[in-house]
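# Chain and residue survey
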Amino acid sequence: DQAISLLQQGQFDAAEVHFRQVLAAAPRHLDALQFLGIIDYQGGRFETAAERFQKAIKLAPNAPGLHCNRGLALQELGRLKEALASYDCAIALKPGFVEALNNRGNVLRELGRLDDAVASYQRVLRIQPDFAETLLNLGMTLLTLEQAQPAHDCLSRCLQLMPDHQGALNQYGM
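Residues numbered from 1 in each chain as written. Predicted model: local features only at pLDDT ≥ 70, side-chain atom pairs only at ≥ 80, totals over all residues. Heavy atoms only, no water.

Over its 13 residues, helix α3 (residues 30-42) extends 18 Å from the first C-alpha to the last, a length consistent with the 18 Å expected when each residue adds 1.5 Å. Within α3, burial applies to A32, L33, F35, L36, G37, I39 and D40. Buried residues along α3 sit in contact with α1 (2-8), α2 (12-25) and α4 (46-59). G44 sits one or two residues past α3 and shows a positive phi near 80 degrees. (Helix = DSSP H or I, 4+ residues; strand = E, 2+ residues; numbered from the N terminus. Expected span 1.5 Å × (residues − 1). Buried < 20%, exposed > 50% of the residue type's maximum accessible area, 1.4 Å probe, protein only. Contact = heavy atoms within 4.5 Å.)

A few words now on the environment of D130. Along the chain, D130 falls in the loop between α8 (114-127) and α9 (132-144). Here D130 falls in the partly exposed class, since its relative accessible area comes to 43%. A C-alpha to C-alpha distance of 9.7 Å links D130 and Q160, two positions 30 residues apart in sequence. Not counting the four nearest positions on each side in its chain, D130 is found in contact with R157 and L161.

Before going further, it helps to examine the environment of N103. For N103, the location among the structural elements is in helix α7 (residues 98-110). Between the C-alpha atoms of N103 and L6, which are 97 residues apart in sequence, the distance is 28 Å. The contact partners of N103, leaving out residues within four places of it in the chain, are C68, L72, Q75 and Y87.

Formed by 48 residues in total, the largest nonpolar core has its most connected members in F19 and L138. Of all the elements, helix α6 (residues 80-93) adds the most residues to this core, at six residues. Contacts of F19, omitting those with residues within four sequence positions, involve A3, I4, L7, D31, A32, F35, L36 and I39. (Core = buried A, V, L, I, M, F, W, Y, C linked by side-chain atoms within 4.5 Å.)

The subject of this paragraph is helix α10 (residues 148-161). Counting along an α-helix, one turn takes 3.6 residues, and residues three or four places apart therefore face a common direction. End to end, α10 covers 20 Å across 14 residues, agreeing with the expected 20 Å (1.5 Å per residue, within 8%). Residues A151, C154, L155, C158 and L159 constitute the buried set of α10. Burial along α10 is one-sided: seen end-on, the buried residues are contained in an arc of 135 degrees. (Arc of directions from axis to C-beta.)

Given below as structure tokens:
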């Protein structure tokens, strides 16, 4: 509990020390693996983060958040097909997992599968119509597909929800 409290307070180094102590005493401690993976990810240690999340998945294979977190780390490493597989696992476990669906769309976009990315983003917006990040991602993808009006609609809605959203402002040259 102390390590989680430190993490919530933004004291990542101190939290990491505590989680490492927990893991040294109990190498299969799920929370310690998960939170160390998050700390590694936030510290830019994506390979280590992916490995920790994979170890945690072996302990809790039906935890969609672990699969999603692993996908994020793999995506940062440029291992897009593996990231896509992780997001697909997360979504299979929790079909309405909007963060995983959004991240899946991002990977599909990076892979050049723009129509599939659009479908993933649209699925998010059917579940959570005001997910600003997905509106931005969909808008940018639609711009790439040269669908100017629907892209404008998405970006405008994003800015209505978050007027200072830098990504949407950048698309408008602001």
